[in-house]
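# Residue-level structural notes
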Amino acid sequence: MSSLSNKVAIVGVGATPQGKLPGSTPVSLATEAFRRALDDAGLQKGQIDGLLTMPGTTSPEGSLNYLRMGETLGIDPRYTGSMTMGGGTGGALIQNAALAIEAGMADYVACVFADTARTGNYRFNRSSGWGDPWGIWGMFGAAANSAIAASRHMALYGTTSRQLGEVAVACRRHASLNPDAVMRDPITIEDHQASRWIVEPFHLLDCCLISDGGVCVILTSAERARDLRQPVVKIAGLGQAYTTQNMEREDWWYVPHQKEALQRAYSMAGVGPKDIDVAQLYDNFSMSVLLWLEHGGFCGTGESGPFVEGGRIQLGGELPVNTAGGNLSESYMEGWLHIVEGVRQMRGACGPRQVEGANTCLVTGRGMTLNCSNAMVLQAG
């Protein structure tokens, strides 16, 4: 079986303003993100023959599916579809697009997401689990799932709340350098510790934002990418992994399938953790970053707490993480902006937050009740 490694490239990225955007709709935001991605790539609308979409949390029924978006954008794709896998969707659609391009089913595929969760007053406080009313046990929302992971990690390995704060502080420092980030005021560990409790052991600053916004990513073959506007950013490795089990699996809290997704991406790319220059790690909560660091082989099991101390994951450190601010401080676009930032880092286009000499970027995503995970390795031209 032939590998997809370096055969497909991301050639256009577009993001709307983020935050609270009164008067916007998922369709209007998706349309604007698509327009910006087209301009970024130097493409014409008529060249897009693949369209993949992810409806947001507040999208009216059918408003952001492939049929409605194709009609709105005025394109008739020969390859299309919609998917919802929470924060794992962006990476999964990228992989779907790569397969379609390599198979010759489309030449230029646009992957689109938009949401109005902030103005729609969306809250991550409904009962967790699919078909399992965990709310009767007081387990409401995504924060509760990851709080279990954090509490268990603390009990087994001595991880501390201040170490979780290191993640929040790093993301906020990076967001302060990003003019498009929602939260730009720097914070300290003391600010983190003083922020109110959400679900113990999570403080407010351990938790992602809720945002309005839209994002579009356009892919084509690496060969066609050479003739377009931007420096080539190749997809060197891709990997997915899932589990259908939740609390009945003793190690569910540790989401071990994430390690499998990373290993598959590393294997396809022919790289390992020592080859990664910068990482965009899905951070719905600060604890998520600690687990990704362990699964990605950047430190051993139980060692991520000490690993993030001393500025190691900040710009100038050993492994800069979430250099645009991540879900914690840039905006919560369910991981789509992690892909955008990875591409921009590989282009060398991040200004004051650019990681000098960066050639390889790891991007991860996770979603649903911690069931879905994926990873990709991006490399500069």
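Data block above holds the structure.
Conventions we followed
Residues numbered from 1 in each chain as written. Predicted model: local features only at pLDDT ≥ 70, side-chain atom pairs only at ≥ 80, totals over all residues. Heavy atoms only, no water. Axes fitted to C-alpha atoms, helices over the stretch in contact; angles between N-to-C directions. Helix = DSSP H or I, 4+ residues; strand = E, 2+ residues; numbered from the N terminus. Parallel < 35°, antiparallel > 145°, perpendicular 65-115°, else oblique. Left-handed = near helix turned anticlockwise from the far one by under 90°. Contact = heavy atoms within 4.5 Å. Nonpolar A, V, L, I, M, F, W, Y, C, P; charged D, E, K, R; others polar. Phe/Tyr/Trp six-rings, centres within 6.5 Å; stacked < 30°, edge-to-face > 60°. Lys NZ or Arg CZ within 6 Å of the ring centre and 35° of its normal. Pairing = 2+ DSSP bridges. Salt bridge = Lys/Arg side-chain N within 4 Å of Asp/Glu carboxyl O. Buried < 20%, exposed > 50% of the residue type's maximum accessible area, 1.4 Å probe, protein only.

Let us look at the packing of helix H4 (residues 142-157) against helix H9 (residues 286-295). Where H4 contacts H9, the axes come no closer than 9 Å and their chain directions differ by 60 degrees. Put simply, H4 runs oblique to H9. Judged by the sense of rotation from one axis to the other, the crossing of H4 with H9 is left-handed. Facing Ser146, Ala149, Ala150 and His153 of H4, the residues of H9 in contact are Met287, Ser288, Leu291 and Glu294. In terms of residue class, the contact of H4 with H9 is made up of four nonpolar, three polar and one charged.

So, on to the packing of aromatic side chains. Using the criterion set out here, one finds three aromatic pairs in the structure. Judged by centre distance (5.3 Å) and plane angle (5 degrees), the ring pair of Phe202 and Phe285 falls under stacked. In this pair, Phe202 is assigned in strand S6 (residues 202-203) and Phe285 in the loop between strand S9 (278-280) and H9, connecting sequence segments 83 residues apart. When the ring centre of Tyr108 is taken as reference, the NZ or CZ atom of Arg224 above it lies at 5.6 Å. Over the ring of Phe307 we find Arg312, and its NZ or CZ is 4.7 Å from the ring centre.

Right, let's get into the sheet that holds strand S11 (residues 372-380). Overall, mixed pairing links the nine strands, which are arranged S3-S2-S4-S7-S1-S8-S11-S10-S9 in an open sheet. Where the open sheet ends on each side, the last strands, each with one partner, are strand S3 (79-82) and S9. Across the sheet, the mean angle separating the axes of adjacent strands is 25 degrees when strand polarity is ignored. Strand direction decides the pairing type here: strand S4 (residues 109-116) and strand S7 (residues 212-221), joined by eight bridges, are antiparallel.

Overall, the coordinates contain twelve salt bridges when judged by the stated rule. Put simply, Glu32 and Arg35 hold a salt bridge, and the shortest N to O gap is 2.6 Å. On the criterion of helical spacing, the pair formed by Glu32 and Arg35 is a turn pair, its members being three residues apart in helix H1 (residues 26-41). When its relative accessible area of 46% is taken as the criterion, Arg35 is described as partly exposed. Several salt bridges converge on common partners, so that one network encompasses Asp49, Arg78, Asp107 and Arg224.

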